[in-house]
Amino acid sequence: MTPVVRTVADLRALARSWRAKGETIGVVPTMGALHDGHLSLARRARAECDRVITTIFVNPKQFNNPEDLKKYPRSEAADAALLATVPVDAIFAPLVEEVYPEGFITTVSMAGVAQPLEGHMRPGHFDGVATVVTKLFGMSMADKGYFGQKDWQQLQVVLRLVRDLNVPVDVVGCETIREGDGLAMSSRNVRLTVAGRAKAPVLYAAITAAADDIRAGHADRMAIREAAEAMREAGFERVEYIELRDAETLMPSDDPRRPRRMLAAAWIDGVRLIDNIPV
Ligand code: PAF
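Visitor: Go over the overall build of the chain, please, and point to the residues and values.
Guide: Scanning the chain from terminus to terminus reveals 11 helices and 9 strands. Against the compact-globule benchmark of 19 Å for 279 residues, the chain has a radius of gyration of 19 Å, which places it among compact chains. With respect to the three principal axes, the spread of C-alpha positions in the chain is 55 × 40 × 40 Å. Out of the 279 residues in the chain, the part that is buried amounts to 52%. Look at the contacts in the chain between residues 6 or more apart in sequence, and 74% of them connect residues 24 or more apart.

Visitor: Describe the environment of Asn276, with residues and values.
Guide: Looking at where Asn276 falls in the secondary structure, it is placed in strand E9 (residues 271–278). The class for Asn276 is buried, based on a relative accessible area of 2%. For the pair Asn276 and Gly173, spaced 103 residues apart in the sequence, the C-alpha separation amounts to 13 Å. Residues contacting Asn276, with those up to four places away along its chain left out, are Gln149, Lys150, Asp151, Trp152, Arg178, Ile207, Arg261, Met262 and Leu263. Polar contacts involving the side chain of Asn276 include one to the main-chain carbonyl oxygen of Lys150, which spans 2.9 Å. Only 2.8 Å separates the side chain of Asn276 from the side chain of Arg261, close enough to count as a polar contact.

Visitor: Describe the sheet that holds strand E8 (residues 260–268), listing the residues and the values that go with them.
Guide: The strand order across the open sheet formed by 3 strands is E7-E8-E9, and the pairing between neighbours is antiparallel. Looking at strand neighbours, the two that pair on one side only are strand E7 (238–246) and E9, the edges of this open sheet. The sheet shows a mean angle of 10° between the axes of neighbouring strands, taken without regard to direction. Bridge analysis of E7 against E8 gives 8 bridges, and the strand direction is antiparallel. When the bridges of E8 are listed, Arg245 appears paired with Arg261. Against the sheet, helix H11 (residues 220–234) contacts E7 and E8, and its axis sits at roughly 150° relative to E7.

Visitor: Break down the site of the ligand for me, citing the residues and quoting the values.
Guide: Near the ligand, the surroundings consist of Pro29, Thr30, Met31, Gln62, Val132, Phe147 and Gln154. At 2.6 Å from an oxygen atom of the ligand is found a side-chain nitrogen or oxygen belonging to Gln62. Contact between the ligand and Gln154: an oxygen atom at 2.6 Å from a side-chain N or O atom of the residue. Look at the ligand: alone it shows 290 Å² of surface, and the protein chains cover 90% of it. Classifying every residue of the shell around the ligand gives 4 nonpolar, 3 polar and no charged.

Visitor: Explain the side chain of Arg260 to me, and be specific about the residues and the numbers.
Guide: Mapped onto the elements, Arg260 comes out in strand E8. At 3.1 Å, the side chain of Arg260 and the backbone oxygen of Ser253 are in polar contact. Those residues in contact with Arg260 that sit more than four places away from it in its chain are Ile214, Asp220, Leu244, Arg245, Ala247, Ser253, Asp254, Asp255, Ile277, Pro278 and Val279.

Visitor: Explain the packing of helix H1 (residues 8–20) against helix H7 (residues 125–140) to me, using residue names and the numbers behind them.
Guide: Across the interface, H1 lies against H7 with an axial gap of 8 Å and an inter-helix angle of 50°. Of the possible angle classes, the one that applies to H1 and H7 is oblique. Contact with H1, carried on its side by Val8, Leu11, Arg12 and Ala15, involves Gly138, Met139 and Ser140 of H7 and no other residues of that element.

Visitor: Quick rundown of the environment of Lys135? Include the residues and the values.
Guide: Mapping Lys135 onto the fold places it in helix H7. Every residue in contact with Lys135, bar those within four places of it in the chain, is listed here: Val99, Tyr100 and Phe104. Within the structure, Lys135 has its side chain in polar contact with the backbone oxygen of Val99 (distance 2.9 Å).

Visitor: Just give me the short version of the pairing of strand E5 (residues 144–148), but keep the residues and values in it.
Guide: Pairing between strand E2 (residues 25–30) and E5: 2 bridges, direction parallel. In the strand pairing of E5, Val27 is matched with Gly145. Read from E5 through helix H8 (residues 152–164) to strand E6 (residues 170–174), the crossover connection turns out right-handed.

Visitor: Requested: an account of the state of the cysteines, with residues and values cited.
Guide: Disulfide: a covalent bond formed between the sulfur atoms of two cysteine residues. Here the structure, examined in full by the defined rule, presents 0 disulfides. Cysteine Cys49 shares no disulfide, and the gap to the nearest cysteine sulfur, in Cys174, comes to 11 Å. Among the residues examined, Cys49 registers a relative accessible area of 6% and is labelled buried.

Visitor: Describe helix H10 (residues 202–215), naming the residues involved and giving the relevant values.
Guide: In a regular helix each residue adds 1.5 Å, so 14 residues correspond to 20 Å; H10 covers 20 Å between its end C-alpha atoms and thus fits that length. Inspection of H10 places Leu203, Ala206, Ile207, Ala210, Ala211 and Ile214 among the buried residues, and these make up the whole buried set. Seen along its axis, H10 keeps its buried residues to an arc of 130°; they face one direction. Against H11, E7, E8 and E9 lie the buried residues of H10. One or two positions beyond H10, positive phi appears at Gly217, with a value near 105°.

Conventions and cut-offs
- Residues numbered from 1 in each chain as written.
- Predicted model: local features only at pLDDT ≥ 70, side-chain atom pairs only at ≥ 80, totals over all residues.
- Heavy atoms only, no water.
- Helix = DSSP H or I, 4+ residues; strand = E, 2+ residues; numbered from the N terminus.
- Rg over C-alpha atoms; globule rule 2.2 N^0.38 Å.
- Buried < 20%, exposed > 50% of the residue type's maximum accessible area, 1.4 Å probe, protein only.
- Contact = heavy atoms within 4.5 Å.
- Polar contact = N/O pair within 3.5 Å; in protein donor to acceptor, adjacent residues only side chain to side chain.
- Pairing = 2+ DSSP bridges.
- Axes fitted to C-alpha atoms, helices over the stretch in contact; angles between N-to-C directions.
- Near = heavy atom within 4 Å.
- Areas by Shrake-Rupley, 256 points an atom, 1.4 Å probe, with all protein chains shown as cover.
- Nonpolar A, V, L, I, M, F, W, Y, C, P; charged D, E, K, R; others polar.
- Parallel < 35°, antiparallel > 145°, perpendicular 65-115°, else oblique.
- Right-handed = clockwise from strand over helix to strand, strands pointing away.
- Disulfide = S-S within 2.5 Å.
- Expected span 1.5 Å × (residues − 1).
- Arc of directions from axis to C-beta.

Take a look at the structure:
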């Protein structure tokens, strides 16, 4: 069985013992409810590092909606069984009090790339992410940190964070893993009803069609409007945004010579889904 570490002191002791032997440490930060997307990150870390730590921590500071935090799926035993198949060297699953002990008052707050889209729709979300990722990197003495491209804006936030704060961690962004019908894997997918699950792949299909149209020379706005229309017709109750942005800064971009990304967030059957693709 993979050792489960609960305290920062124990995690540090483990990391120090590995570092003393000259071993490299890869960290895969997660909030649990693991699926193949997470496992692909852990496998990549396994291939590239001597030691792999997966962290499982549902970080209250990144939830702007208390209901979402309450409903967030938790399944540590099943997660541990999945991680044993990789395998990883340790699971770090601390209590909230261990990560945010009494008196905790520091926040890592980012402007720029953290502000639009998810930052706008979920105020405080990226401060929570930036704070916990900074802490997890520090606690684990990581050489490399692995993040999925499904949360594209989060990946850009973490890349910016390590640059701006001189955090000595190499951040690795990994391809989004999709179900056979195109739906991006997400821990929130388990909350979809059968009907919602059947309609959910339209999100990826619609942004893929829009990206194809834009590459073929169609007007950006028109292609995006058609994608939103297709999603509403399929039964999405709310399309929060579909945007074509500069892939790195997440600012609006009509410059096809720079890497661009189409990002979307929408609600189906009361579940908020996000996805993104290169354009
Ligand atoms: O992507 C996630 O699951 C979380 O935002 C992360 C990176 C583990 C930080 O809590």
